[in-house]
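# Per-entry structural report
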Amino acid sequence: MKAISLISGGLDSVLATKLILDQGIDVIGLNCVTPFSSCTHNNCNCVVKRAANKLGIELKVVNLGEEFLEILKNPSYGYGKNMNPCIDCKILMLKKAKEAMENTGAKFIVTGEVLGQRPMSQKRPTLGLIEKKAGVEGILVRPLSAKVLDATEPEKNGLIDRGKLLGISGRGRTEQIFLAKTFDISDYSTPAGGCLLTYQGYAKKVDDLIKHNQLTLDNVFLLKIGRHFRLSPQHKLIVGRDEKENIQLFALAKKGDWIYEPQEEIRGPVALGRGEPQGEAQIEQSCRIVARYCDENKSDLEIRVKQYGDDSQKNIRCAPFKDSEAFAFRI
Ligand code: SF4
């Protein structure tokens with residue numbers, strides 16, 4: 001018999017999976033990658049893969065790209081503390097788990113959720129709502145809290161022994177940490193540690209994209225790089241913070257983007273402008289921001305400006321913005 005377990009790399013999902021494995025049930029791990037996951041599983045050996053290895057289970061990865069962006073723009077159940085639409089996100093992930101269950105002949109789904117641990121998504125009524133909306137009522141087993149929740153179908157049918165499941169509830173982590181020691185599990189991420197939407201600074205940049213109707217995968221890729229400035233509703237500027245980010249900005253530029261860099265003899269950042277600037281004045285503003293982050297301490301600097309995909313370029317001599325002037329545009 002098989003089960004699908006949603007694996008995030010966090011301790012709770014690892015423990016929940018272990019409790020089901022210990023009942024002699026085959027488990028397939030399913031990791032849902034959103035555009036805001038810290039790892040996209042590109043040649044990595046991240047905590048999710050290490051957890052699956054340690055548990056000795058197969059790991060399947062599902063990429064939630066555009067689908068996730070759609071729920072993020074207008075989540076039916078709102079956002080958490082920052083821009084994390086946890087209830088809608090969990091419903092989507094459980095729908096994917098149900099699809100995987102049907103494709104693999106698995107009999108039920110496992111998650112590491114703990115009753116009352118998260119204020120937004122793990123209250124008793126919310127757990128029920130999530131199950132209902134995902135269409136997984138009765139087939140979703142939460143081994144860490146099973147004894148304080150209604151019995152599920154696999155428990156009622158004797159496919160799993162409810163007596164060997166746990167009754168943890170609340171925000172404390174003592175029982176999970178004790179259990180981790182018992183199982184010799186020490187390699188796991190912090191709760192929600194992999195989701196960038198839970199970080200305040202990052203969430204501000206996501207909110208800015210949503211407000212300006214610019215939440216696309218291309219624009220989201222840029223959020224992990226550089227300092228971000230909003231110059232107008234149409235136009236934003238991303239300034240590299242080091243050599244690696246300067247190279248990444250070149251790599252992510254697409255036709256029509258504006259590229260700014262200081263003249264060769266000056267050490268400074270590459271910047272990428274996206275969206276149509278409002279005339280020459282806004283191009284000059286971008287140059288002045290770039291000049292602010294150059295190493296030279298001069299009253300004016302020359303910045304090279306070109307549009308990606310166009311051979312022509314121009315040099316603009318400008319005075320670097322003062323900190324307060326640049327920060328007025330910072331997102
Ligand atoms: S923290 Fe992020 S990945 Fe986790 S449920 Fe919330 S939105 Fe989804």
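Residues numbered from 1 in each chain as written. Predicted model: local features only at pLDDT ≥ 70, side-chain atom pairs only at ≥ 80, totals over all residues.

### Let's talk about the overall build of the chain
Put simply, the test is: By definition, any uninterrupted DSSP run of H or I lasting at least four residues is a helix, any uninterrupted run of E lasting at least two residues is a strand, and each is numbered from the N terminus. To sort residues by exposure, count the other C-beta atoms lying within 10 Å of each residue's C-beta; 20 or more gives buried, 12 or fewer gives exposed, and values between give partly exposed, all with C-beta atoms placed from the backbone. Placing a C-beta atom from the backbone of each residue, one calls two residues in contact when those atoms lie within 7 Å.
Along its length, the chain carries twelve helices and eleven strands. Its C-alpha atoms give the chain principal-axis dimensions of about 75 × 35 × 35 Å. Within the span of the chain, comprising 331 residues, buried residues form 41% of the whole. Sequence separation of at least 24 residues holds for 66% of the intrachain contacts in the chain that already meet a minimum separation of 6.

### Things to note about the nonpolar core
How we decide: By our criterion, buried Ala, Val, Leu, Ile, Met, Phe, Trp, Tyr and Cys residues that link up through C-beta atoms within 7 Å make up a nonpolar core.
In this structure, A3, I4, I20, A51, L94, A97 and I109 are the most contacted members of the largest nonpolar core, which totals 51 residues. When residues of this core are assigned to their parent elements, the largest contribution, nine residues, is made by helix α4 (residues 86-104). When near neighbours in sequence (up to four residues on either side) are disregarded, A3 contacts I20, I25, V27, A106, K107, F108, I109 and V110. Counting residues in hydrophobic clusters, the runner-up holds 22 residues, among them I238, V239, W258 and C287.

### Here's the deal with the sheet that holds strand β6 (residues 227-230)
Cut-off, in case you're wondering: When DSSP finds at least two bridges between two strands, those strands are taken to pair. With axes taken as lines fitted to C-alpha atoms, and helix axes fitted only over the stretch in contact, angles between N-to-C directions fall between 0 and 180 degrees.
As summarised here, the arrangement of the six strands in space is β6-β7-β9-β8-β10-β11, forming an open sheet in which the pairing is antiparallel. Of all strands in the sheet, those bounded by a partner on one side alone are β6 and β11 (313-318). Adjacent strand axes in the sheet meet at a mean angle of 25°, parallel and antiparallel pairs treated alike. Contacting β6, β7 (236-239), β8 (258-262), β9 (271-274), β10 (301-307) and β11, helix α11 (residues 279-292) runs over the sheet at an angle of about 65° to β11.

### Notes on the sheet that holds strand β1 (residues 2-6)
Ordered in space as β3-β2-β1-β4-β5, the five strands form an open sheet in which the pairing is parallel. Unpaired on one side and paired on the other, β3 (58-63) and β5 (140-141) mark the two borders of the sheet. Its contacts with the sheet place helix α1 (residues 11-21) against β1, β2 (26-33) and β4 (108-110), and it is angled at close to 170° to β1. Packed onto the sheet, α4 meets β1, β2, β3, β4 and β5 and runs at close to 155° relative to β1.

### Section: the domain arrangement of the chain
We count it as follows: The domain limits used here are those given by an automatic or database domain assignment.
Under the domain assignment, the chain is made up of domain 1 (2-196) and domain 2 (225-327). The straight-line distance from the C-alpha centre of domain 1 to that of domain 2 is 43 Å.

### Focus: helix α3 (residues 66-73)
For clarity, the threshold we go by: The arc refers to the directions leading from the helix axis to the C-beta atoms.
Every buried residue of α3 is listed here: F68, L69 and L72. Each buried residue of α3 lies within a common arc of 100° when the element is viewed along its axis, so the set occupies one face. In α3, those exposed residues whose orientation departs by more than 90 degrees from the buried face are E66 and K73. Lining the buried residues of α3 we find α4 and α9 (217-222).

### Digging into the environment of R142
Here R142 shows up in the loop between β5 and α6 (153-156). Given 24 C-beta atoms within a 10 Å radius, R142 is considered buried. Separated by 122 residues in the primary sequence, R142 and I20 place their C-alpha atoms 9.9 Å from one another. With near-sequence residues (within four places) excluded, R142 lies in contact with T111, E113 and L149.

### Focus: the packing of α4 against helix α5 (residues 124-134)
What counts here: Put simply, angles under 35 degrees are roughly parallel, angles over 145 are roughly antiparallel, angles from 65 to 115 are roughly perpendicular, and the rest are oblique. Definitions for this section: a left-handed crossing has its near helix turned counterclockwise from the far helix by less than a right angle. A right-handed crossing has that turn clockwise. All amino acids are sorted into three groups, where Ala, Val, Leu, Ile, Met, Phe, Trp, Tyr, Cys and Pro are nonpolar, Asp, Glu, Lys and Arg are charged, and the leftover types, Gly among them, are polar.
For the pair α4 and α5, interaxial distance at closest approach is 8 Å and the crossing angle is 45°. Considering their axes alone, α4 and α5 lie oblique with respect to each other. Relative to α5, α4 is oriented so that their crossing is right-handed. In contact with I87, K90, I91, L94, K95 and K98 of α4, α5 contributes T126, I130, K133 and A134. Counted by class, the contact of α4 with α5 contains five nonpolar, one polar and four charged residues.

### Comments concerning the environment of K306
Of note, K306 is situated in strand β10. Of the residues examined, K306 has 15 C-beta atoms within 10 Å and is grouped as partly exposed. Separated by 290 residues in sequence, K306 and A16 place their C-alpha atoms 54 Å apart.

### Some details on the pairing of β9
Residue alternation in β9 divides its side chains into two sets, A271 and G273 and L272 and R274, and both sets are buried. Where β7 meets β9, four bridges bridge the pair, whose relative direction is antiparallel. Pairing of I238 across the sheet is with L272, part of β9. The sheet contact formed by β8 and β9 spans three bridges and is antiparallel. Paired with I259 across the bridge in β9 is L272.

### A look at the pairing of β11
Counted residue by residue, β11 has zero buried out of six residues, so it is predominantly exposed. Sheet topology note: the β10/β11 ladder contains six bridges and is antiparallel. Paired with V305 across the two strands is K314, which belongs to β11. Between the end of β10 and the start of β11, which pair antiparallel, lie five residues, with G309 showing a positive phi angle near 95°.

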